[in-house]
Amino acid sequence: AQSVTQPDIHITVSEGASLELRCNYSYGATPYLFWYVQSPGQGLQLLLKYFSGDTLVQGIKGFEAEFKRSQSSFNLRKPSVHWSDAAEYFCAMRSGGYQKVTFGIGTKLQVIP
Amino acid sequence: DAEITQSPRHKITETGRQVTLACHQTWNHNNMFWYRQDLGHGLRLIHYSYGVHDTNKGEVSDGYSVSRSNTEDLPLTLESAASSQTSVYFCASSPSGTSVDEQFFGPGTRLTVL
């Protein structure tokens, strides 16, 4: 079965520290992968996406993610976190030619001064 | 600017009542989706549509229905609201085709069923 796993439900980091949010997927081929961010009371906004080519993908707001086929992972990173990055982050996967997307359960990021 | 809107943003209803949540997009996207978001479950797909008069069930479709009479709108109906349907509902849309386009999300509707 296709699935997306985000093993960390909550993460707390200090402002200025680096960040890595984990995402693992289960799918028989190379999926299309996305990271979305959701600020409180808002809808989801796309941070970045991967479907082929360079395995290191740059996104908005200084985020990047690396696709590792051998580990079935698509971890999100940011070198220096800002207080405004506090939000919930969702990893998502679109498999094959279907438009349906499977979401992980989300990781809530707290940023402390 | 093109956008996707949902109404109402907040709704309180009683068990057994019929409720309809509206979703309207002005991108002229063929694909539209309804999700519910619950703590510990992330977003789960309720129904989706790949075009006018096309509707499909998602993973949690029981108790919900949709209809697609035009490109812009995909209303979600709860036939007989249940307390288990208290949730935040998100509508999304995406263009058709083979390109890997992301889904664009509306702001959400918070539904409480008492």
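As shown above, the structure is provided for reference.
Because the structure is predicted, anything quoted here is derived from the model rather than measured. (Residues numbered from 1 in each chain as written. Chains lettered and ligands numbered in written order. Predicted model: local features only at pLDDT ≥ 70, side-chain atom pairs only at ≥ 80, totals over all residues. Heavy atoms only, no water.)

(A) Layout of the overall build of chain B. Regarding its fold elements, chain B presents 0 helices and 11 strands. Along chain B, helices and strands appear, N-terminal first, in the series β-β-β-β-β-β-β-β-β-β-β. Against the 2.2 N^0.38 benchmark of 13 Å for 114 residues, chain B shows a C-alpha radius of gyration of 13 Å, consistent with a compact globule. Burial analysis of chain B (114 residues in total) assigns 48% to the buried set. The contacts of chain B with a sequence gap of at least 6 include a subset with a gap of at least 24, amounting to 54%. Taken as a whole, chain B presents about 5300 Å² of accessible surface, with 47% of it coming from carbon and sulfur. Across chain B, 8 positive and 12 negative side-chain charges occur, with their mean positions spaced 9 Å apart. (Helix = DSSP H or I, 4+ residues; strand = E, 2+ residues; numbered from the N terminus. Rg over C-alpha atoms; globule rule 2.2 N^0.38 Å. Buried < 20%, exposed > 50% of the residue type's maximum accessible area, 1.4 Å probe, protein only. Contact = heavy atoms within 4.5 Å. Areas by Shrake-Rupley, 256 points an atom, 1.4 Å probe, with all protein chains shown as cover. Lys, Arg positive; Asp, Glu negative; His and termini not counted. Charge placed at Lys NZ, Arg CZ, Asp CG, Glu CD.)

(B) Looking closely at the sheet that holds strand β8 (residues 76-78) of chain B. All names here are of chain B. Strand order in the open sheet formed by 4 strands is β1-β3-β8-β7, with antiparallel pairing between adjacent strands. Strands at the two margins of the open sheet, each flanked by one partner only, are β1 (4-7) and β7 (64-66). Each strand axis lies, on average, 20° off the axis of its neighbour in the sheet, ignoring direction. (Pairing = 2+ DSSP bridges. Axes fitted to C-alpha atoms, helices over the stretch in contact; angles between N-to-C directions.)

(C) Molecular detail of the pattern of salt bridges. Residues and elements named next belong to chain A. Across all of its chains, the model carries 8 salt bridges over all chains by this definition. Note that arginine 22 and aspartate 8 form a salt bridge whose closest N and O atoms lie 2.9 Å from each other. Residue arginine 22 is found in the loop between β3 (19-21) and β4 (24-26), and its partner aspartate 8 is found in the loop between β1 (3-5) and β2 (10-14); the two are separated by 14 residues along the sequence. The network of salt bridges with common partners includes Glu64, Glu66 and Arg77. (Salt bridge = Lys/Arg side-chain N within 4 Å of Asp/Glu carboxyl O.)

(D) Region of interest: the state of the cysteines. Applying the stated criterion across every chain, the model contains 2 disulfides over all chains. Bridging Cys23(A) to Cys91(A), the disulfide has an S-S length of 2.0 Å. Here the S-S torsion is close to -65°, and the disulfide linking Cys23(A) with Cys91(A) is therefore left-handed. Residue Cys23(A) is located in the loop between β3 and β4, and its partner Cys91(A) is located in strand β10 (residues 87-94); the two are separated by 68 residues in the primary sequence. Taken as a pair, Cys23(A) and Cys91(A) share a single burial class, namely buried. Covalently, Cys23(B) is tied to Cys91(B) through a disulfide, its sulfur atoms 1.8 Å apart. Between Cys23(B) and Cys91(B) the sulfur-sulfur dihedral comes to about -70°; the bridge is accordingly left-handed. Note that Cys23(B) is positioned in strand β3 (residues 19-25) and Cys91(B) in strand β9 (residues 87-94), a separation of 68 residues in sequence. Of the residues examined, Cys23(B) reaches a relative accessible area of 2% and is grouped as buried. (Disulfide = S-S within 2.5 Å.)

(E) Structural view of the interface of chain A and chain B. Residue-level contacts link 21 residues of chain A with 25 residues of chain B. A salt bridge links Glu102(B) to Lys49(A); the nearest nitrogen and oxygen atoms lie 3.4 Å apart. Contributions of two or more residues to the side of chain A that touches chain B are made by β5 (32-38), β6 (44-50), β10 and β11 (101-103) of chain A. A total of 4 residues in the side of chain A that touches chain B trace back to one element, the largest contributor, which is β5(A).

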